[in-house]
Amino acid sequence: MAGRNGRTVRDLRRANRAVVLQRLYFDGPLSRFELGPVTGLSSGSVSNVVADLVADGLVEEAGSVDSDGGRPRTLLRVAPGAGHMIGVDVGETRVRIELFDLTLTELARAERPLEQQRYDVEVIVGHIRDGIAEVLAGSAIGPEQLLGVGIGVPGIVERTPEERGAVVHGQTIGWDAVPLEELLRSSSRLPNGVRYFIDNGAKTLGQAEMWFGAGRGARNAIVVLFGSGVGACLVTPEVENGRAVEWGHLTVRVRGRRCRCGALGCLEAYAGAESLLERWREEGGQPPEGADEESALTAMLASAYPVEGGEADPVALAVLEETAEYLGAGLSDLINLFQPERILIGGWAGLQLGARFLPAVRRYAASYALRHPAEKVSIELGRLGPDAVTVGAAILPLADFFARGGRRLEPVPEGPVPAWRTALEERL
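Residues numbered from 1 in each chain as written. Predicted model: local features only at pLDDT ≥ 70, side-chain atom pairs only at ≥ 80, totals over all residues. Heavy atoms only, no water.

Looking at an unreviewed UniProt entry, one finds the protein chain named ROK family transcriptional regulator, with Streptomyces longisporus as its source organism. UniProt lists a comment for the protein chain under the heading Sequence similarities (unreviewed entry), and it reads "Belongs to the ROK (NagC/XylR) family." (UniProt positions renumbered as here; feature names shortened; annotations may be inferred.)

Novice: Give a description of the overall build of the protein chain that names residues and reports values.
Specialist: Assigned secondary structure in the protein chain consists of 14 helices and 16 strands. Against the 2.2 N^0.38 benchmark of 22 Å for 428 residues, the protein chain shows a C-alpha radius of gyration of 24 Å, consistent with a compact globule. For the protein chain, the spread of C-alpha atoms along the principal axes amounts to about 70 × 55 × 45 Å. Put simply, the protein chain has 428 residues, and 48% of those count as buried. Sequence separation of 24 or more characterises 59% of the internal contacts of the protein chain that already satisfy a separation of 6 or more. Per element, the accessible surface of the protein chain, about 20700 Å² overall, is 49% carbon and sulfur. The average position of the 45 basic charges and that of the 57 acidic charges among the side chains of the protein chain differ by 7 Å. (Helix = DSSP H or I, 4+ residues; strand = E, 2+ residues; numbered from the N terminus. Rg over C-alpha atoms; globule rule 2.2 N^0.38 Å. Buried < 20%, exposed > 50% of the residue type's maximum accessible area, 1.4 Å probe, protein only. Contact = heavy atoms within 4.5 Å. Areas by Shrake-Rupley, 256 points an atom, 1.4 Å probe, with all protein chains shown as cover. Lys, Arg positive; Asp, Glu negative; His and termini not counted. Charge placed at Lys NZ, Arg CZ, Asp CG, Glu CD.)

Novice: Can you explain the packing of helix α8 (residues 273–282) against helix α9 (residues 293–304)? Please cite residues and give values.
Specialist: Their axes nearest at 10 Å, the elements α8 and α9 cross at an angle of 50°. As judged from the angle between their axes, α8 and α9 are oblique. For the element pair α8 and α9, the recorded crossing hand is left-handed. Facing Ala273, Glu274, Leu276, Leu277 and Trp280 of α8, the residues of α9 in contact are Glu293, Ala296, Leu297, Ala299, Met300 and Ser303. The residue inventory of the contact of α8 with α9, partitioned by class, reads 8 nonpolar, 1 polar and 2 charged. (Axes fitted to C-alpha atoms, helices over the stretch in contact; angles between N-to-C directions. Parallel < 35°, antiparallel > 145°, perpendicular 65-115°, else oblique. Left-handed = near helix turned anticlockwise from the far one by under 90°. Nonpolar A, V, L, I, M, F, W, Y, C, P; charged D, E, K, R; others polar.)

Novice: Would you mind going over the nonpolar core in detail, with residue names and values included?
Specialist: Counting residues in hydrophobic clusters, the biggest one holds 47 residues, and the most contacted among them are Trp247, Met300 and Leu331. If you list the elements that add at least two residues to this core, you get β12 (221–226), β13 (230–236), α7 (268–271), α8, α9, α10 (314–338), β15 (342–346) and α11 (348–368). Excluding anything up to four places from it in sequence, Leu331 contacts Val224, Trp247, Ile343, Ile345, Val361, Ala365 and Ile379. By size, the runner-up hydrophobic cluster in this structure holds 33 residues, among which are Leu136, Val153, Ala166 and Leu180. (Core = buried A, V, L, I, M, F, W, Y, C linked by side-chain atoms within 4.5 Å.)

Novice: An account of the sheet that holds strand β5 (residues 94–101) is needed here, citing residue identities and associated values.
Specialist: One open sheet accounts for 5 strands, arranged β6-β5-β4-β7-β11; its pairing is mixed. What marks the edges here is a single partner per strand, and that holds for β6 (106–113) and β11 (196–200). Across the sheet, the axes of successive neighbouring strands diverge by a mean angle of 15°, strand direction being ignored. The sheet contact formed by strand β4 (residues 84–90) and strand β7 (residues 146–153) spans 6 bridges and is parallel. From the neighbouring strand, Asp89 faces β7, where its bridge partner is Gly152. Along the sheet, helix α6 (residues 201–212) makes contact with β7 and β11, crossing β11 at roughly 100°. Helix α13 (residues 388–403) rests against β4, β5, β7 and β11 of the sheet, and its axis sits at about 140° to β4. (Pairing = 2+ DSSP bridges.)

Novice: Before we move on, can you summarise unusual backbone geometry with the specific residues and values?
Specialist: Glycine aside, residues mostly have negative phi, and peptide bonds are mostly found in the trans state. Here the bond from Gly28 into Pro29 is cis, since omega is 5°, no more than 30 degrees from zero. You can see Pro29 is positioned in the loop between α1 (9–27) and β1 (30–31). Look at Leu104: it is not a glycine, yet its phi comes out positive at around 60°. Tracing the backbone through its elements, the reader meets Leu104 in the loop between β5 and β6. With a relative accessible area of 13%, Leu104 lands in the buried category. At Gln339, a residue that is not glycine, the phi angle is positive and equals roughly 50°. Mapped onto the secondary structure, Gln339 falls in the loop between α10 and β15.

Novice: Can you explain the environment of Ala273? Please cite residues and give values.
Specialist: By secondary structure assignment, the location of Ala273 is in helix α8. The class of Ala273 is buried, set by a relative accessible area of 0%. Sequence separation between Ala273 and Thr323 is 50 residues; the distance between their C-alpha atoms is 9.5 Å. Each residue touching Ala273, except ones within four places of it in the same chain, is listed here: Phe226, Gly227, Ser228, Leu297, Trp348 and Ala349.

Novice: Please give an account of α10 that cites residues and values.
Specialist: Relative to the 36 Å expected for 25 residues at 1.5 Å per residue, α10 spans 36 Å between its end C-alpha atoms, a close match to the ideal helical length. Backbone geometry just after α10 places Gln339 at a positive phi near 50°. (Expected span 1.5 Å × (residues − 1).)

Novice: Tell me about the environment of Gly44, residues and numbers included.
Specialist: With respect to the secondary-structure elements, Gly44 resides in helix α3 (residues 43–55). C-alpha separation for the pair Gly44 and Arg32, spaced 12 residues apart in sequence, amounts to 9.9 Å.

Novice: So what about the side chain of His84? Which residues, and what values?
Specialist: Positionally, His84 belongs in strand β4. Accessibility expressed as a relative area gives 5% for His84, which makes it buried. If sequence neighbours within four positions are ignored, His84 has contacts with Leu99, Phe100, Asp101, Leu107, Ile141, Gln145, Leu146, Leu147 and Gly148.

Novice: How would you sum up the side chain of Thr236? Please name residues and give values.
Specialist: Structurally, Thr236 is set in strand β13. On the basis of relative accessible area, Thr236 is assigned to the buried category, the value being 11%. Filtering out sequence-adjacent residues up to four positions away, Thr236 remains in contact with Arg219 and Asn220.

Structure follows, in structure tokens:
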């Protein structure tokens, strides 16, 4: 039955379960007494919701603490084994697949390097499919225990009607409306009830840093993914779960270098690792023959900043310093447009270069940005390391699970839903 605001008893129960689960997840272990103030629920509602969650195996006891003059209070926490997620990072040099429990503890991982074929759609789909099978086989987890598979991809992700699912527009990697979800479903060995959650890789990185990393506590933040290319995720109260922005294709130089997207003068044509290495090569630098981008960037850094007593490569040093200026100028546009509290730099290249780059990037960002917003922003490195995109991808099914109050999705029935089942679900 619906109330005046249109919410049913089922909606209210789901919302109460969701708020208790989230508070235990982020702030637990907590006692029933402590859950009241942090959730805004009455003691009776807390007791009913907790009993419901314990009965479902989602919450378990985690010891006790002394109370003021009374008997000890039982602490509660989210049960780690109550659900599992897979996170996938379709990166520039590899596809990384990780299996997590409900508390995002890694249980298994698989990696597939991307070499000559790189972003060939069939190759990517095969890597994801085989990687999922590998991490499940390497654990005691059955596919029916999965809450879902989250996937971070380069490009713009479009939601389409249910039969096609998520479609990826990745201009820089040659993907034109690739029906990735449909392709995965047609070749997957997973049950139909296991959903795919596909989103931009910068957004999944941002989600991970906001939940568990350097973004915790910030209301307005921008998380930058710096790899072969560059991307960003904007998080504000208006877009709480983040919005991917194609920051790498902001024009920083009129009639400049051609970007891999085809346009001229994009930030990515100067600040992405791929273009950075290409510029070093054009200026006479010598990246190691046959090395992948990560190894080549490591070699470039070693040339520019040799160990004590070594002689620095002036070409590598000049290209890196110019890149820091382009990156700082690009960040200044984000500062002027969105006025964030924090900017966090992640991605494999961002983490490699961060120790050397960060002071110069901050300096250039401040010099190009408007003074007032520049004085209020902090620019830091992300804290979650190279696995941040997979962690963020795994958060996608986890967040959906929380939003449903910890209820698992059932496979969609073949025909119309019987009236008796709809009526029963409304009463639950």
